[in-house]
Amino acid sequence: MGKILPILLAIIGLGGGVGVGMMLKPPSEVVEVNPCGEAADPAKEHTEPSESGDAANGTTEFVKINNQFVIPVVQGTKIASLVVMSLNVEVKTGGREIVYQREPKLRDEFLQVMFNHANNGGFDGMFTQSGRLASLRMALKEVAVSIIGDTVRDVLVTNIVRQDI
């Protein structure tokens, strides 16, 4: 019982912190991507093909997944750390509603991918290396495409924090 109490207190404290953070965050907004920094010209938007696809045309939007994901990192039989992540899904313009309709299934599958990533050591050591995060992003995108379809362009990791216990 003495070993379980600190873990329970840590999880309760983390949950309380996440709850307060969610209450204090500003409301999300629709963001249109225009990486060139130029004013969007609707006539030009559909006539010139771009190498980088829809994102360069501003025809994608970002959907913030409402709650953060909390992933325990287990070493042996103990929780060594907790990883907290926030995700956005990049979709074709107008795809926002389908993401929100299928969010419970999406969250479940995202969590499974993150648990597998943690179990394979993806959150150990230097977990922010581009190779490790690239494999995680690719797996998350595959899951999102399988649930939502080819409306999905990408899955973005917007925040990631690891708290060692």
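For clarity, every value in this text was computed on a predicted model and none was experimentally measured.

What counts, and where the lines are drawn
Think of each chain on its own: its residues are numbered from 1, step by step along the sequence as written. At least 70 in pLDDT is required for a residue's local features to be given in this predicted model, at least 80 for side-chain atom pairs to be given and counted, and no such filter applies to totals for whole chains, interfaces and linings, which use all residues. Heavy atoms throughout the structure, all of them, feed into the side-chain values; hydrogens and water do not. Within the patch definition used here, like charges are joined within 9 Å and nonpolar side chains (Val, Leu, Ile, Met, Phe, Trp, Tyr) within 5 Å, considering only residues with over 30% relative accessible area and no salt bridge. Computed with the Shrake-Rupley method and a 1.4 Å probe, the accessible areas treat only the protein chains shown as cover for residues. Should a side-chain nitrogen of Lys or Arg be within 4 Å of a carboxyl oxygen of Asp or Glu, the pair is scored as a salt bridge. Helix and strand assignments follow DSSP, with helices taken as H or I runs no shorter than four residues and strands as E runs no shorter than two, numbered in order from the N terminus. For every residue, the accessible area (1.4 Å probe, protein chains only) is compared with the maximum for its type, and the residue is labelled buried under 20%, exposed over 50%, or partly exposed between those bounds. N or O atoms closer than or at 3.5 Å make up a polar contact, with two conditions inside protein: a donor-capable atom paired with an acceptor-capable one, and, for residues adjacent in sequence, both atoms drawn from side chains. Here, two residues are considered to be in contact whenever any of their heavy atoms come within 4.5 Å of each other. By this rule, a helix spans an expected 1.5 Å times one less than how many residues it contains. The axes are straight lines fitted to the C-alpha atoms, using for helices just the contacting stretch, and the angles between their N-to-C directions are given from 0 to 180°. These descriptions rest on fixed angle ranges, namely under 35 degrees for roughly parallel, over 145 for roughly antiparallel, 65 to 115 for roughly perpendicular, and the rest for oblique. By definition, any crossing whose near helix is turned counterclockwise from its far helix by less than a right angle is left-handed, and any crossing with a clockwise turn is right-handed. Each nonpolar core is a collection of buried residues, namely Ala, Val, Leu, Ile, Met, Phe, Trp, Tyr and Cys, held together in the definition by side-chain atoms within 4.5 Å. Aromatic contacts are taken between Phe, Tyr and Trp rings whose centres are within 6.5 Å, Trp giving its six-membered ring; a plane angle under 30 degrees counts as stacked, one over 60 as edge-to-face, and the others as tilted. Think of it as a cone above the ring: NZ of Lys or CZ of Arg counts as a charge over the ring if it is within 6 Å of the ring centre and within 35 degrees of the ring normal.

(A) Structural context of a nonpolar patch on the surface. Nonpolar side chains collect at one region of the surface, where Ile-4, Leu-8 and Ile-12 lie side by side and expose about 290 Å² of accessible area between them. With respect to the helices and strands, Leu-8 occurs in helix α1 (residues 4–24).

(B) Region of the structure containing the side chain of Ser-86. Counting through the fold element by element, Ser-86 comes out in strand β3 (residues 78–92). According to the relative accessible area criterion, Ser-86 is buried, its value standing at 3%. Within polar-contact distance, the side chain of Ser-86 engages the side chain of Gln-68 at 3.5 Å. Excluding its chain neighbours within four sequence positions, the residues that come into contact with Ser-86 are Gln-68, Leu-156, Val-157, Thr-158 and Asn-159.

(C) Spotlight on helix α5 (residues 103–119). End to end, α5 covers 24 Å across 17 residues, agreeing with the expected 24 Å (1.5 Å per residue, within 8%). Packed against the buried residues of α5 are β2 (69–75), β3, α4 (96–101), α6 (130–148) and β4 (152–164). Gly-121 occupies a position one or two residues after α5 and carries a positive phi of about 85°.

(D) Layout of the packing of α5 against α6. At a closest axis distance of 10 Å, the pairing of α5 and α6 adopts a crossing angle of 150°. Viewed along their axes, α5 and α6 adopt a mutual orientation that is roughly antiparallel. The way α5 lies across α6 gives a crossing that is right-handed. Each of Lys-105, Leu-106, Glu-109, Phe-110, Val-113, Met-114 and His-117 in α5 lies in contact with α6, whose residues at this interface are Arg-132, Ser-135, Leu-136, Ala-139, Leu-140, Val-143, Ala-144, Ile-147 and Ile-148.

(E) Geometry of the side chain of Asn-88. Structurally, Asn-88 is set in strand β3. Discounting chain neighbours no more than four positions away, the residues touching Asn-88 are Phe-62, Val-63, Lys-64, Ile-65, Asp-154, Val-155, Leu-156 and Thr-158.

(F) Inspection of the nonpolar core at higher detail. Met-85, Leu-87, Leu-106, Phe-110, Met-114 and Phe-123 are the most contacted members of the largest nonpolar core, which has 28 residues in total. Considering each element in turn, this core owes the most residues, seven residues, to α6. In contact with Met-114, not counting residues within four places along its chain, are Phe-69, Ile-71, Met-85, Leu-87, Phe-123, Leu-136 and Leu-140.

(G) Structural context of the packing of aromatic side chains. Scanning the model with the defined rule gives two aromatic pairs in all. Consider the rings of Phe-69 and Phe-110, whose centres lie 6.2 Å apart with planes at 65°: the pair is edge-to-face. Of this pair, Phe-69 sits in strand β2 while Phe-110 sits in helix α5, placing them 41 residues apart in sequence. Assigned by exposure class, Phe-69 and Phe-110 land together as buried. When the ring of Phe-123 is compared with that of Phe-127, the centres are 6.4 Å apart and the planes differ by 70°; the resulting orientation is edge-to-face. We classify Phe-127 as buried; its relative accessible area is 11%. The ring of Phe-69 carries the charged tip of Arg-107 above its face, separated from the ring centre by 4.3 Å.

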